[in-house]
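Structure assessment
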Amino acid sequence: MSNAVSALPGAAHAGIASVTEMGLQGMVTLRGDHAEIAAAVKKVAKQDLPGQRRINGGLGKGVAWMSPDELLILCAYEDAASIVEKLDKELKDAHHLAANVSDARAVFAVEGPAAREVIAKLCPVDMAVFEDGEIRRTRMAQVPAAFWMAGPDTIHVVCFRSVARYVFDLLATSAAEGSGPGFF
Amino acid sequence: MLLLTCPNCGVAAEETELAPGGEAHLKRVGPGSEDADFEGYLFLRKNPKGVHFERWRHANGCGKWFHAARCTVTLEVFGTYSAQTTEPPKDILLKIDDKRPGWRG
Ligand SMILES: [Zn+2]
């Protein structure tokens, strides 16, 4: 067995907000007609189908709406493979694709009262009206990323593993001490 | 700055979140066609000053294609609509009639 490691184990930064790499996280991409896959998601991931751009739950246990034919299931890292297996079994008669993408992603937490400002500096998203339970796929400087509110002052950011260092450095720079615009 | 609302995910996306796909509603000219028609299909595009129908992809977002009707002069957006169609929807055409009388030329 190989020893799985996350993209930037232990990476952390403290400034106007803290930026922390969240370690290994389980993620399963599920594509298919939402109406057809809802029952399987309920049974396997124990989650209701999220509405447009909504996320139910969060890291370790959740489901996020990614596009009209795509969901992202969040689970424990060790469980991703078995969730794919169970989904494939449940959906054997439906046109679908379930894939374990855990090792293709990196996850960061941005935490602190200025968390929204750290994100607002990097993404074309109006963070003043960004709600709990909403997931936003967007552009973070030069790469795609997605994030949601994991608490009143906590934002979880997901990006591709190949750009993990870039995204961490971006977030750390954006969270540099003394750089808060104090807008929100 | 151009803001287009993606009909697939509902986000009012800023231009840098999108990838342009060029002129919309092209009709493919295939095997057996005249060379001139094929050349037109491959290379000739409208470049209007005013109303234009375009394809866009929400690349840094939901990843889906959609259509947009906009004015190339003012960047006014008349509407966005599904990619799964070969012509602009009636309501958007009527809206453009209203705002740019005579645009159909
Ligand atoms: Zn979209």
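Residues numbered from 1 in each chain as written. Chains lettered and ligands numbered in written order. Predicted model: local features only at pLDDT ≥ 70, side-chain atom pairs only at ≥ 80, totals over all residues. Heavy atoms only, no water.

Here's the deal with the overall build of chain A
Just so we agree on the cut-off: Put simply, DSSP marks the helices as runs of H or I at least four residues long and the strands as runs of E at least two long, and each gets a number from the N terminus on. Restricting the calculation to C-alpha atoms gives the radius of gyration, and the globule rule supplies 2.2 Å times the number of residues raised to the power 0.38. Only protein chains enter the accessibility calculation, which uses a 1.4 Å probe; a residue whose area is less than 20% of its type maximum is buried, one above 50% is exposed, and one in between is partly exposed. Residue contacts are counted whenever heavy atoms from the two residues lie within 4.5 Å of one another.
Of regular secondary structure, chain A possesses 4 helices and 11 strands. Its C-alpha radius of gyration of 17 Å places chain A within 12% of the 16 Å reference for a compact globule of 184 residues. Looking at the 184 residues of chain A, the share that counts as buried comes to 51%. Taking all contacts inside chain A whose residues are at least 6 apart in sequence as the whole, residues at least 24 apart take part in 62%.

Some words on the pairing of strand β9 (residues 135-140) of chain A
Rules: Pairing between strands is defined by DSSP: at least two bridges between the two strands are required.
Of all the 6 residues making up β9 of chain A, 5 are buried; the element is thus mostly covered by neighbouring parts of the structure. The antiparallel pairing of β9 of chain A with strand β10 (residues 143-151) of chain A creates a hairpin that spans 2 residues between the two strands, and Ala-141 of chain A there sits at a positive phi of about 50 degrees.

Quick word on the interface of chain B and chain A
Here is the rule we go by: Buried area: the accessible area, evaluated with a 1.4 Å probe, that two parts lose upon being put together, summed over both parts. Here, a salt bridge means any side-chain nitrogen of Lys or Arg that lies within 4 Å of a carboxyl oxygen of Asp or Glu. Whenever two N or O atoms come within 3.5 Å, that pair is a polar contact, provided that in protein one can donate a hydrogen and the other can accept it, and provided that, for residues adjacent in sequence, both atoms are side-chain atoms. Three residue categories are used. Nonpolar comprises Ala, Val, Leu, Ile, Met, Phe, Trp, Tyr, Cys and Pro, charged comprises Asp, Glu, Lys and Arg, and polar comprises the others, including Gly.
On the side of chain A, 15 residues touch chain B, which itself brings 12 residues to the contact. Across the interface of chain B and chain A, roughly 1000 Å² is buried in total on both sides, 47% from carbon and sulfur atoms. The largest share of the area that chain B buries against chain A comes from Glu-17, Asn-60 and Lys-64 of chain B, three residues that together contribute 38% of it. Summed over the shared surface of chain B and chain A, the result is 2 salt bridges. The salt bridge involving Glu-17 of chain B is made with Arg-136 of chain A; its shortest N-O contact spans 2.8 Å. Run the count over chain B and chain A and you get 8 residue pairs in polar contact (both at pLDDT 80 or more). Looking at the side of chain B that touches chain A residue by residue, the class counts come to 4 nonpolar, 5 polar and 3 charged.

Structural notes on the packing of helix α1 (residues 34-45) of chain A against helix α2 (residues 80-90) of chain A
All names here are of chain A. The criterion, for reference: The angle between two axes is taken between their N-to-C directions and runs from 0 to 180 degrees, where each axis is a line fitted to C-alpha atoms and a helix contributes only its stretch in contact. For any pair of crossing helices, the crossing counts as left-handed if the nearer helix is rotated counterclockwise from the farther one by less than a right angle, and right-handed if it is rotated clockwise.
Taken N-terminus to C-terminus, the directions of α1 and α2 make an angle of 140 degrees; their axes are 10 Å apart at the nearest point. Of the two elements, α1 crosses α2, and the hand of that crossing is right-handed. Two secondary-structure elements touch here, α1 through Ala-40, Lys-43 and Val-44 and α2 through Ile-83, Lys-86, Leu-87 and Glu-90.

Digging into the sheet that holds strand β2 (residues 18-21) of chain A
Residues and elements named next belong to chain A. Pairing is antiparallel in the open sheet, where 6 strands are placed in the order β1-β2-β8-β11-β10-β9. Pairing within the sheet leaves two strands with one partner each, and these edge strands are β1 (12-14) and β9. Across the sheet, the axes of successive neighbouring strands diverge by a mean angle of 25 degrees, strand direction being ignored. Bridge count for β1 against β2 is 3 bridges, and the pairing is antiparallel.

Description of the coordination of the zinc ion
All names here are of chain B. Note the cut-off: The donor set covers N, O and S atoms within 2.8 Å of the metal, switching to 3.2 Å for Na, K and Ca, and it leaves out water, so a site may look short of donors. For a four-donor site, all angles between 85 and 135 degrees give tetrahedral; for four or six donors, opposite pairs above 155 degrees with the remaining angles between 65 and 115 give square planar or octahedral; all remaining cases count as irregular.
Around the zinc ion, the protein contributes the donor atoms Cys-6 (SG), Cys-9 (SG), His-58 (ND1) and Cys-62 (SG), which lie 2.0 to 2.4 Å from the metal centre. Taken together, the 4 donor atoms coordinating the zinc ion and their angles of 97 to 116 degrees define a geometry best described as tetrahedral. In the primary structure, the donors to the zinc ion are separated according to the pattern C-x2-C-x48-H-x3-C. Cys-9 gets classed as buried once you look at its relative accessible area, which sits at 2%.

Considering a negative patch on the surface
Residues and elements named next belong to chain B. The following threshold applies: Two distance rules govern patches: like charges are joined within 9 Å, and nonpolar side chains (Val, Leu, Ile, Met, Phe, Trp, Tyr) within 5 Å, applied only to residues with over 30% relative accessible area and no salt bridge. What sets the accessible areas is the Shrake-Rupley method with a 1.4 Å probe; for residues, cover comes only from the shown protein chains. Charge counting treats Lys and Arg as positive and Asp and Glu as negative, with His and both chain ends excluded. Positions of charges follow a simple convention, taking NZ of Lys, CZ of Arg, CG of Asp or CD of Glu.
Taken together, the side chains of Glu-34, Asp-35, Asp-37 and Glu-39 define an acidic patch exposed on the protein surface. Note that Glu-34 resides in the loop between β3 (19-23) and α1 (35-43). We classify Glu-34 as exposed; its relative accessible area is 56%.

With respect to a nonpolar patch on the surface
Together, Phe-38, Leu-42, Phe-43 and Leu-44 of chain B line one region of the surface with nonpolar side chains, adding up to about 420 Å² of accessible area. Structurally, the position occupied by Leu-42 of chain B is in helix α1.

Brief notes about the nonpolar core
Residue and element names in this part refer to chain A. Just so we agree on the cut-off: Definition of nonpolar core: a set of buried residues of the types Ala, Val, Leu, Ile, Met, Phe, Trp, Tyr and Cys, connected through side-chain atoms within 4.5 Å.
With 32 residues, the main nonpolar core has Phe-108, Ile-119, Met-140 and Leu-171 as its most contacted residues. When residues of this core are traced back to their parent elements, those giving at least two are β8 (105-111), α3 (115-120), β10, β11 (154-160) and α4 (164-174). With 5 residues, the single largest contributor to this core is α4. When residues no more than four places from it in sequence are discounted, the contact partners of Phe-108 are Leu-8, Thr-20, Glu-21, Met-22, Ile-155, His-156, Val-157, Cys-159, Ala-164, Val-167, Phe-168 and Leu-171. Ile-37, Cys-75, Val-84 and Leu-91 belong to the second-largest nonpolar core, a separate cluster that totals 18 residues.

Structural notes on the side chain of Ser-67 of chain A
As for its position among the elements, Ser-67 of chain A is in strand β5 (residues 61-67). Those residues in contact with Ser-67 of chain A, other than ones at most four positions away along the chain, are Arg-31, His-34 and Arg-137 of chain A together with Cys-62 and Lys-64 of chain B.

Focus: the domain arrangement of chain A
All names here are of chain A. Applicable threshold: Per the annotation, domain bounds derive from an automatic or database assignment of domains.
The domains assigned to chain A are domain 1 (12-23 + 104-174) and domain 2 (26-103). If you average the C-alpha positions of domain 1 and of domain 2, the two centres end up 22 Å apart. Listed per partner, the contact involves 14 residues of domain 1 and 17 residues of domain 2. Interface area, domain 1 with domain 2, both sides summed: about 1300 Å², of which 57% is carbon and sulfur. Between the two partners, domain 1 and domain 2, sit 2 salt bridges. Taken together, the connections running from domain 1 to domain 2 amount to 9 residue pairs in polar contact (both at pLDDT 80 or more). Put simply, the parts of the chain that give the side of domain 1 that touches domain 2 at least two residues each are β8, β9 and β11. For the side of domain 1 that touches domain 2, the per-class residue count stands at 6 nonpolar, 2 polar and 6 charged.

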